[in-house]
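Architecture at a glance
These are the residues of each chain, in order.
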Amino acid sequence: WERPDAKPIRQRLLVVANRLPVSAVRRGEDSWSLEISAGGLVSALLGVKEFEARWIGWAGVNVPDEVGQKALTKALAEKRCIPVFLDEEIVHQYYNGYCNNILWPLFHYLGLPQEDRLATTRSFQSQFAAYKKANQMFADVVNEHYEEGDVVWCHDYHLMFLPKCLKDYNSKMKVGWFLHTPFPSSEIHRTLPSRSELLHAVLAADLVGFHTYDYARHFVSACTRILGLEGTPEGVEDQGRLTRVAAFPIGIDSERFIRALEVHPVQEHIKELQERFAGRKVMLGVDRLDMIKGIPQKILAFEKFLEENPYWRDKVVLLQIAVPTRTDVPEYQKLTSQVHEIVGRINGRFGTLTAVPIHHLDRSLDFHALCALYAVTDVTLVTSLRDGMNLVSYEFVACQDSKKGVLILSEFAGAAQSLGAGAILVNPWNITEVASAIGQALNMPAEEREKRHRHNFEHVTTHTAQQWAEFFVSELNDTVIEAQQRIRK
Ligand code: G6P
């Protein structure tokens with residue numbers, strides 16, 4: 001993708017993430033159509049205008065044949081994307097297995113899957129081997145495209161091995177790694193059978209970044225307690241070599257959302273939604289259908305609120321957009337059925353012939369529909385059980401400058417540290433507390449809403465994705481220069 005308003009080229013940035021910012025659909029033997037795909041990282045990096053960025057990642061499809069691979073590579077090149085081709089077996093073991101069935105739940109404090117508790121189980125070992133193999137495949141592609149002076153920015157839990165693979169190729173490569181999830185307490189991380197190998201591999205990077213200071217601190221503690229290395233105010237030291245560790249809280253391209261509210265199709269959507277829900281307050285949830293998002297807990301809290309507040313039963317509606325994700329992982333399949341069961345029960349219990357309290361959609365919305373929905377919402381519920389940052393909360397705030405709706409926000413989302421003063425913070429596990437936060441939000445006087453919104457809007461519009469990326473890359477450049485100076489001395 002190319003931004004029409006891109007500034008002059010400064011430095012080549014190779015952004016390496018598991019997923020490319022486009023999803024590819026095959027239209028014929030050698031023809032593909034490409035669409036921008038959803039996800040926090042994608043929306044964050046859409047805001048970056050300062051670098052000549054190339055993306056390296058998996059296109060999300062299996063392309064076993066050479067003709068298809070060539071055609072896709074060519075189509076992606078126009079969007080400055082470079083594909084890493086992963087076959088079905090690797091995707092199963094690396095992406096569904098080690099990434100999403102082991103690291104993802106562990107990093108969100110949901111523990112390891114029962115059958116994988118022992119390092120000796122075959123599935124754990126083969127998934128870990130596939131993880132390393134996949135990381136090596138990413139490194140091969142990076143190496144092929146790397147030019148001296150490039151900055152290589154590796155992203156997320158899928159690619160913890162990548163810094164090591166890259167430095168093994170070329171110790172002079174500038175390598176940064178950023179984690180978009182929480183990094184858990186070292187006591188959680190130490191349950192992982194491959195705990196040390198992963199930490200060592202990440203430490204090969206020059207700069208390691210997290211969303212919050214707490215996550216950075218957990219990482220440093222894991223390195224000191226598990227590896228016995230020395231933690232310093234700058235990061236982690238291993239035999240005289242320093243890996244810098246710091247917090248870089250992400251943001252969004254807030255202008256993109258604010259501008260969208262002015263365009264005709266969004267205003268039309270807004271009008272339709274206002275008519276559709278006239279006389280009712282609109283509550284909104286927008287989440288990938290993931291166990292970390294606390295969707296069942298949120299819906300149960302809404303049920304409790306309706307149970308205890310009969311007055312509100314026909315005056316409020318909860319719109320839950322649950323975007324299907326990782327649908328080949330059994331835990332996600334179970335969650336879908338569980339959520340459907342709860343929604344059905346509550347709609348049966350409180351619905352009437354003309355209205356239901358919960359509209360649950362198992363799909364994503366296009367950008368304009370999403371902006372319109374954010375704009376008409378009175379209360380947004382972000383009740384993640386754990387979340388690296390959570391950009392839905394930022395997007396909602398960006399779209400609320402005329403309505404000044406209320407954000408109910410989990411204290412376990414990274415965003416609680418930046419939007420905590422404007423939001424109503426809740427413990428998402430405490431359904432009674434969330435139910436009473438719903439009451440507080442719906443009854444909040446306009447003056448208080450205005451004050452809370454002002455705080456959050458100020459933050460969201462001044463801490464953008466673009467600044468985040470620029471800050472990380474300039475820190476990475478500085479870190480490498482400082483390290484070279486230290487060696488010269
Ligand atoms: C989270 C992760 C991203 C990931 C996104 C979507 O935000 O931190 O790395 O891309 O979820 O998940 P998926 O598995 O569909 O890529």
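Residues numbered from 1 in each chain as written. Predicted model: local features only at pLDDT ≥ 70, side-chain atom pairs only at ≥ 80, totals over all residues. Heavy atoms only, no water.

**Thoughts on the overall build of the protein chain**
Within the protein chain one finds 18 helices and 17 strands. For the C-alpha atoms alone, the extent of the protein chain along its principal axes is close to 70 × 45 × 45 Å. Looking at the protein chain as a whole, 57% of its 489 residues are labelled buried. Residue pairs at least 24 apart in sequence account for 78% of intrachain contacts in the protein chain once pairs closer than 6 positions are excluded. Carbon and sulfur atoms form 50% of the exposed surface of the protein chain, whose accessible area is close to 21,000 Å². Mean positive and mean negative side-chain charge positions of the protein chain (54 and 61 charges, respectively) differ by 2 Å. (Helix = DSSP H or I, 4+ residues; strand = E, 2+ residues; numbered from the N terminus. Buried < 20%, exposed > 50% of the residue type's maximum accessible area, 1.4 Å probe, protein only. Contact = heavy atoms within 4.5 Å. Areas by Shrake-Rupley, 256 points an atom, 1.4 Å probe, with all protein chains shown as cover. Lys, Arg positive; Asp, Glu negative; His and termini not counted. Charge placed at Lys NZ, Arg CZ, Asp CG, Glu CD.)

**What about the site of the ligand?**
Surrounding the ligand, one finds Arg-19, Tyr-95, Trp-104, Asp-156, His-158, His-180, Arg-288, Thr-325 and Arg-326. Within the side chain of Tyr-95, one N or O atom sits 2.5 Å away from an oxygen atom of the ligand. A distance of 3.4 Å is found between an oxygen atom of the ligand and a side-chain nitrogen or oxygen belonging to Arg-288. A total of 380 Å² of accessible area belongs to the ligand in isolation, and the protein chains cover 85% of it. Looking at the shell around the ligand residue by residue, the classes come out as two nonpolar, three polar and four charged. (Near = heavy atom within 4 Å. Polar contact = N/O pair within 3.5 Å; in protein donor to acceptor, adjacent residues only side chain to side chain. Nonpolar A, V, L, I, M, F, W, Y, C, P; charged D, E, K, R; others polar.)

**Describing the sheet that holds strand E12 (residues 281–288)**
If you walk across this open sheet you meet the six strands as E14-E13-E12-E15-E16-E17, and the pairing is parallel. Two strands close off the open sheet at either side, each with one partner strand: strand E14 (358–361) and strand E17 (424–426). On average, adjacent strands in this sheet sit at an angle of 15° to one another, irrespective of strand direction. Here strand E13 (residues 316–323) pairs with E14 via four bridges, running parallel. (Pairing = 2+ DSSP bridges. Axes fitted to C-alpha atoms, helices over the stretch in contact; angles between N-to-C directions.)

**Focus: the pattern of salt bridges**
The full count for this structure, using the stated rule, is 28 salt bridges. Across the pair Asp-65 and Arg-26 runs a salt bridge, and its minimum N-O distance is 2.8 Å. With Asp-65 in the loop between strand E4 (52–58) and helix H2 (66–77) and Arg-26 in strand E2 (residues 22–28), this residue pair connects regions lying 39 residues apart in the sequence. For Asp-65, a relative accessible area of 25% gives the class partly exposed. The exposure class assigned to Arg-26 is partly exposed, which follows from its relative accessible area of 31%. (Salt bridge = Lys/Arg side-chain N within 4 Å of Asp/Glu carboxyl O.)

**Focus on a negative patch on the surface**
A cluster of like negative charges, contributed by Glu-230, Glu-234, Glu-237, Asp-478 and Glu-482, occupies part of the molecular surface. For Glu-234, the position within the fold is in the loop between strand E9 (230–231) and strand E10 (235–238). (Patch = residues over 30% accessible without salt bridge, like charges linked within 9 Å, V, L, I, M, F, W, Y side chains within 5 Å.)

**Describing empty space enclosed by the protein**
One pass over the full model with this rule turns up one cavity of 30 Å³ or more. If you add up the space inside the largest cavity, you get close to 80 Å³. Taken together, Phe-396, Val-397, Gln-400, Gly-405, Val-406, Leu-407, Gly-422, Met-444, Arg-449, Arg-452, His-453 and Asn-456 make up the lining of the largest cavity. Every element with two or more residues in the lining of the largest cavity is listed here: helix H14 (392–398), strand E16 (406–410) and helix H17 (446–462). Considering every element that reaches the lining of the largest cavity, the biggest residue donor is H17, with four residues. Of the residues contributing to the lining of the largest cavity, the split by class is five nonpolar, five polar and two charged. (1 Å grid on protein atoms, 1.4 Å probe; cavity = no way out; pocket = protein on both sides within 12 Å on 5 of 7 lines; lining within 4 Å. Points joined across faces, edges and corners; volume = space filled by probe spheres on them.)

**So, the sheet that holds strand E7 (residues 174–178)**
The strands making up a sheet are joined through hydrogen bonds of the backbone, oriented either antiparallel or parallel. Overall, mixed pairing links the nine strands, which are arranged E5-E4-E1-E6-E7-E8-E11-E10-E9 in an open sheet. The outermost strands of the open sheet, each flanked by one partner alone, are strand E5 (81–83) and E9. The sheet contact formed by strand E1 (residues 12–19) and strand E6 (residues 151–155) spans four bridges and is parallel. When the sheet's bridge partners are listed, Val-15 is paired in E6 with Trp-153.

**Observations regarding the layout of surface pockets**
What the second largest pocket holds in volume is close to 380 Å³. Surrounding the second largest pocket, 15 residues form its lining, Ser-171, Asp-206, Arg-241, Ala-483 and Ile-487 being those nearest its centre.

**Looking at the packing of helix H7 (residues 195–203) against helix H8 (residues 213–227)**
Two elements in contact, H7 and H8, have axes whose closest approach is 10 Å; the angle formed by their N-to-C orientations is 125°. Relative to H8, the element H7 is oriented oblique. The way H7 lies across H8 gives a crossing that is left-handed. Of the residues in H8, those touching H7 at Arg-195, Ser-196, Leu-199, His-200, Val-202 and Leu-203 are Phe-219, Ala-222, Cys-223, Ile-226 and Leu-227. For the contact of H7 with H8, the residue count by class is eight nonpolar, two polar and one charged. (Parallel < 35°, antiparallel > 145°, perpendicular 65-115°, else oblique. Left-handed = near helix turned anticlockwise from the far one by under 90°.)

**A look at the pairing of strand E3 (residues 31–36)**
Inspection of the sheet shows E2 paired to E3 by six bridges, in the antiparallel sense. Within the sheet, the bridge partner assigned to Gly-28 lies in E3 and is Ser-31.

**Section: the side chain of Thr-464**
Tracing the chain through its elements places Thr-464 in the loop between H17 and helix H18 (465–488). The buried category is assigned to Thr-464, whose relative accessible area is 16%. With sequence-adjacent residues up to four places away left out, Thr-464 is seen in contact with Gly-251, Ile-252 and Ser-254.

**Notes on the nonpolar core**
Membership of the largest hydrophobic core comes to 99 residues, with the highest contact counts inside it found for Tyr-94, Tyr-131, Phe-210 and Phe-219. Sorting elements by how many residues they give to this core places helix H3 (residues 88–107) first, with eleven residues. Listed in part, the 67 residues of the second largest apolar core include Cys-81, Leu-319, Val-323 and Val-480. (Core = buried A, V, L, I, M, F, W, Y, C linked by side-chain atoms within 4.5 Å.)

**Here we look at the pairing of E7**
Most of E7 sits inside the fold, with five of its five residues counted as buried. Alternating residues of E7 divide into Lys-174, Gly-176 and Phe-178 and Val-175 and Trp-177, and every residue in both groups is buried. Relative to E7, E6 runs parallel, the two sharing five bridges. Along E7, the bridge assignment pairs Trp-153 with Gly-176. One crossover worth recording links E6 to the parallel E7 by way of helix H5 (residues 162–169), and it is right-handed. Sheet analysis places E7 next to strand E8 (residues 207–210), joined by three bridges and oriented parallel. Its bridge partner being in E8, Phe-178 is matched across the sheet by Gly-209. (Right-handed = clockwise from strand over helix to strand, strands pointing away.)

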